[in-house]
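Below are the chains, spelled out letter by letter.
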Amino acid sequence: QLQLVESGGGLVQPGGSLRLSCAASEYTEFTLDYYAIGWVRQAPGKEREGVSCISASGGSTNYADSVKGRFTISRDNAKKTVYLQMNSLKPEDTAVYYCAADLDDAACHGTDFESWGQGTQVTVSS
């Protein structure tokens, strides 16, 4: 499995932007390019929600309907980092955001990933 560390969260006003980063350490026989990477969020009192996911190859991405058109996921295997660009943020985007990894691209269809980061808090408030 990978060690994953999220960064980039913080407090932002509605309509603002944040860019989250997920840095991976490859304490595994598999390098980052073998892993699908997802972003999952959890708000107080709500269940975990898969926000976005990118396949191991980077050739396929998906987004929750609630963030489609506002968020963009990308990966830079050379930097061992996955990003989530979040634009036009809304108060309902407030949550702890986790990055997660799995060797199976099918993990992108849910939230059952093998490896998880510690999470970074995103708060959208005026």
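Residues numbered from 1 in each chain as written. Predicted model: local features only at pLDDT ≥ 70, side-chain atom pairs only at ≥ 80, totals over all residues. Heavy atoms only, no water.

### A closer look at the overall build of the chain
We apply this condition: Segments assigned H or I by DSSP are reported as helices when at least four residues long, segments assigned E as strands when at least two residues long, and all are numbered from the N terminus. Residue exposure (1.4 Å probe, protein chains only): buried if accessible area is under 20% of the type maximum, exposed if over 50%, otherwise partly exposed. By definition, residues are in contact when any of their heavy atoms lie within 4.5 Å. For accessible areas, the Shrake-Rupley method is used with a probe of radius 1.4 Å. Any residue's cover is judged against the shown protein chains and nothing else. Note on charges: Lys and Arg go in the positive column, Asp and Glu in the negative column, and His and the chain ends are not counted at all. Where a charge lies is defined by one atom per residue type, namely NZ (Lys), CZ (Arg), CG (Asp) and CD (Glu).
A tally of regular secondary structure across the chain gives 0 helices and 11 strands. The N-to-C order of helical and strand elements in the chain reads β-β-β-β-β-β-β-β-β-β-β. With respect to the three principal axes, the spread of C-alpha positions in the chain is 45 × 25 × 25 Å. Considering the chain as a whole, with its 126 residues, one finds that 41% of them fall into the buried category. Restricting the contact set of the chain to residue pairs at least 6 apart, pairs at least 24 apart contribute 58%. As displayed, the chain offers around 6,400 Å² of accessible surface, 44% of which is attributable to carbon and sulfur atoms. Of note, the chain has its 10 positive side-chain charges centred 9 Å away from the centre of its 15 negative side-chain charges.

### As for the nonpolar core
Just so we agree on the cut-off: We call a set of buried residues a nonpolar core when its members are Ala, Val, Leu, Ile, Met, Phe, Trp, Tyr or Cys and they connect through side-chain atoms within 4.5 Å of each other.
Judged by nonpolar contacts, the single largest core of 28 residues is most densely connected at W39, F71, L84, M86 and Y97. Sequence-distant contacts of Y97, defined by excluding residues within four places in its chain, comprise E6, L20, W39, V40, R41, V51, F71, L84, M86, G119, T120 and V122.

### Some remarks on the environment of V96
For V96, the location among the structural elements is in strand β9 (residues 95–102). Residues V96 and R41 lie 55 residues apart in sequence; the distance between their C-alpha atoms is 5.4 Å. In contact with V96, other than residues within four places in its own chain, are V40, R41, Q42, G119, T120 and Q121.

### Focus: the pairing of strand β1 (residues 3–7)
Note the threshold: For two strands to be treated as a pair, DSSP must find at least two bridges joining them.
The alternating pattern of β1 places L4 and E6 on a buried face, while none of Q3, V5 and S7, on the opposite face, is buried. Judged from the 5 bridges that link them, β1 and strand β3 (residues 18–25) form a sheet pairing that is antiparallel. Paired with Q3 across the two strands is S25, which belongs to β3.

### A look at the sheet that holds β3
What counts, and what does not: Where helices are involved, their axes are fitted lines through C-alpha atoms of the stretch in contact, as for all axes, and angles between N-to-C directions lie from 0 to 180°.
Taken in spatial order, the 4 strands of this open sheet run β1-β3-β8-β7, and their pairing is antiparallel. Looking at strand neighbours, the two that pair on one side only are β1 and β7 (71–76), the edges of this open sheet. Going from strand to strand, the sheet's axes swing by 15 degrees on average, the running direction of each strand aside. As paired elements, β3 and strand β8 (residues 81–86) share 6 bridges and run antiparallel to each other. Bridge pairing in β8 links C22 to V82.

### A look at the state of the cysteines
Linking two cysteines covalently through their sulfur atoms gives a disulfide. What counts is decided by this rule: The term disulfide is used for any two cysteine sulfur atoms that are within 2.5 Å.
One pass over the full model with this rule turns up 2 disulfides. Bridging C22 to C99, the disulfide has an S-S length of 2.1 Å. Residues C22 and C99 share a disulfide whose torsion about the S-S bond is about 65 degrees; that sign makes it right-handed. Here C22 is found in strand β3, whereas its partner C99 is found in strand β9, with 77 residues between them in sequence. A disulfide bridge connects C53 with C108, and the sulfur atoms are separated by 2.0 Å.

### Some points on the side chain of S52
Heads up, the rule is: Each polar contact in these results corresponds to two N or O atoms within 3.5 Å; when the atoms are within protein, one needs to be able to donate a hydrogen and the other to accept it, and residues that are neighboring in sequence are counted only if both atoms are side-chain atoms.
With respect to the helices and strands, S52 occurs in strand β5 (residues 49–54). A residue is classified by how much of its surface remains accessible, and S52, at 3% relative accessible area, is buried. A polar contact is formed between the side chain of S52 and the backbone oxygen of N62, at a distance of 2.9 Å. Setting aside its immediate chain neighbours within four residues, S52 contacts I37, G38, W39, N62, Y63, I73 and L84.

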